[in-house]
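Breakdown of the fold
Chain residues, written in single-letter form:
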Amino acid sequence: MSVKLAKEVLSIESAGILAVRDNLGREFEKAVDLIMACPSRLVVTGIGKSGLVGQKISATLNSTGTPSVFLHPVEALHGDLGMVASTDVVLAISYSGETAELNGLLGSLKERNVPIIALCGRLQSNLAQHAVVTLNVAVPREACPLGLAPTTSTTATLALGDALAVALLDRKQFRAEDFRRNHPGGSLGERLKVAVREVMLTGEEVPIVDSTYTLPDAVAELNRKNLGAVFICDTDKKLLGIITDGDIRRMLSSGKNIREMTLKEGMKADPVAIHSSLMAADALSIMQRHEITVLAVADEGGHMEGILHLHDLLGKGEFRFLI
């Protein structure tokens, strides 16, 4: 009995989504155009079940390249309206279009010249009248047998929100690499699918010394950058060698006076390196094979471009990307 009822509910909700799909037209294109032209962000608002749907839509927009924030209507009436700028666009969600708390915002938004996109099931409602674009989310009926709990309507609204996010993603030519930048806390497998150039350290973060420096100079640089190694390059940044913390310990335990040693004596020549176009997974494989924690990144000519540290691959704190 329960399975039969569940199938009926899913059929009703499927029919609701199809009804919303069939109502799509020029208004949807106008909504996408308006959001694309927005110089700041999309403010999503709604209350009750519509508010919960709005929070999910806002989260999906953020992760797919459209800056968004959720604004609770009641909190907005008590000061949070200050977060809405005239450069924003508001996406207001109310199936009836007559939600008191939401309608209380409409006058203030109009005063700020903030354009409103309505996700609404009644095109003659107060919300629809205040909106510059209204996306019709009307459904034939709710799945709730009492006709009281929002069921089909919220499912259809959520689906239309997904459709809007995907349409914007397509317009912005948002790529898988962009998605990963917005999800630095994702699984290790996903994090290792990015190119080395996206996670390598560059510039002042790289512990590097010129081959004309002394060994004490190299040790000082190693201590300053605190990454466990320092790289030695010629004046053209061509990679010549590496000195690690372990190398320094071995020198000291052998009784050698590192102040009297030359840089060439202290370094290991021709260190392992990787090209920036290869994947982070390739870098991790090289590190494991050679049992190292720091890996040089060099071009085809052997010129230093950056470095990778094992922590940046496995995620110490957060996975660092170069934007």
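Everything that follows concerns the structure shown earlier in this document.
Description of the structure in this document. Keep in mind the model is a prediction, meaning the values are calculated, not measured. (Residues numbered from 1 in each chain as written. Predicted model: local features only at pLDDT ≥ 70, side-chain atom pairs only at ≥ 80, totals over all residues. Heavy atoms only, no water.)

To continue, consider the pairing of strand E12 (residues 304-309). With five of its six residues buried, E12 lies for the most part within the structure. The hairpin formed by strand E11 (residues 294-298) and E12 contains five residues between the paired strands, and Gly-302 there has a positive phi angle of roughly 85°. (Buried < 20%, exposed > 50% of the residue type's maximum accessible area, 1.4 Å probe, protein only. Helix = DSSP H or I, 4+ residues; strand = E, 2+ residues; numbered from the N terminus. Pairing = 2+ DSSP bridges.)

On to the nonpolar core. Leu-91, Ile-117, Leu-119, Leu-135 and Leu-164 are the most contacted members of the largest nonpolar core, which has 25 residues in total. Ranked by residues supplied to this core, first place goes to helix H7 (residues 152-171) with five residues. Residues contacting Leu-91, with those up to four places away along its chain left out, are Leu-42, Val-43, Val-44, Thr-45, Ile-57, Ile-117, Leu-119 and Leu-164. Grouped together as the second largest cluster of nonpolar side chains are 18 residues, Val-43, Val-84, Ala-92 and Leu-127 included. (Core = buried A, V, L, I, M, F, W, Y, C linked by side-chain atoms within 4.5 Å. Contact = heavy atoms within 4.5 Å.)

Within the span of helix H11 (residues 245-253), buried status applies to Gly-246, Asp-247, Ile-248 and Met-251. Elements that come into contact with the buried residues of H11 comprise helix H10 (215-225), strand E8 (239-244), helix H12 (263-266) and strand E9 (268-269). Just beyond H11, the residue with positive phi is Gly-255, at close to 90°.

Turning to the sheet that holds E8, a few remarks are in order. Taken together, four strands build an open sheet; the order of strands is E6-E7-E8-E9 and the sheet is mixed. Unpaired on one side and paired on the other, strand E6 (208-210) and E9 mark the two borders of the sheet. Examined bridge by bridge, E8 and E9 share two bridges and lie antiparallel to one another. Bridge pairing in E9 places Ile-242 opposite Lys-268. Contacting E8 and E9, H11 crosses the sheet at an angle of about 65° to E8. (Axes fitted to C-alpha atoms, helices over the stretch in contact; angles between N-to-C directions.)

Time to look at the packing of helix H1 (residues 2-23) against H7. Direction vectors running N to C along H1 and H7 enclose 45°, while the axes themselves pass 9 Å from each other. Viewed along their axes, H1 and H7 adopt a mutual orientation that is oblique. Once H1 is placed against H7, the crossing between them reads as right-handed. Residues Ile-12, Glu-13, Gly-16, Ile-17 and Val-20 of H1 touch H7, and the partners they reach there are Thr-152, Thr-155, Ala-156, Ala-159 and Leu-160. When its residues are assigned to classes, the contact of H1 with H7 shows six nonpolar, three polar and one charged. (Parallel < 35°, antiparallel > 145°, perpendicular 65-115°, else oblique. Left-handed = near helix turned anticlockwise from the far one by under 90°. Nonpolar A, V, L, I, M, F, W, Y, C, P; charged D, E, K, R; others polar.)

Right, let's get into the environment of His-303. In this fold, His-303 is placed in the loop between E11 and E12. Given a relative accessible area of 27%, His-303 falls into the partly exposed group. A sequence separation of 65 residues divides His-303 from Lys-238, and the C-alpha atoms of the two residues are 4.0 Å apart. Those residues in contact with His-303 that sit more than four places away from it in its chain are Asp-236, Lys-237, Lys-238, Val-297 and Ala-298.

As a further point, take the pairing of strand E5 (residues 133-136). Along E5, one buried face is formed by Val-133 and Leu-135 and the opposite face, lined by Thr-134 and Asn-136, is buried too. By the bridge criterion, four bridges tie strand E4 (residues 116-120) to E5 in an arrangement that is parallel. Note on E5: the bridge partner recorded for Ile-117 is Val-133.

Turning our eyes to something else, we now look at the sheet that holds E4. An order of E2-E1-E3-E4-E5 is seen for the five strands of this open sheet, with the pairing classed as parallel. Both outer strands of the open sheet, strand E2 (68-71) and E5, are each paired with one neighbouring strand and no more. Each neighbouring strand pair of the sheet contributes to a mean axis angle of 20°, computed without reference to strand direction. As defined by bridge partners, strand E3 (residues 89-93) adjoins E4 across four bridges and the pair is classed as parallel. Its bridge partner being in E4, Ala-92 is matched across the sheet by Ala-118.

A few words on the layout of surface pockets. Estimates place the volume of the largest pocket at around 380 Å³. Taken together, 20 residues make up the lining of the largest pocket; nearest its centre are Ile-242, Thr-244, Lys-268, Ile-292 and Val-294. Those elements giving two or more residues to the lining of the largest pocket turn out to be strand E7 (229-233), E8, H11, E9 and E11. A per-element tally of the lining of the largest pocket places H11 first, with five residues. Here the residues of the lining of the largest pocket are counted per class, giving 10 nonpolar, four polar and six charged. Approximately 160 Å³ is the volume attributed to the second largest pocket. Those elements that provide at least two residues to the lining of the second largest pocket are helix H3 (49-63) and H7. (1 Å grid on protein atoms, 1.4 Å probe; cavity = no way out; pocket = protein on both sides within 12 Å on 5 of 7 lines; lining within 4 Å. Points joined across faces, edges and corners; volume = space filled by probe spheres on them.)

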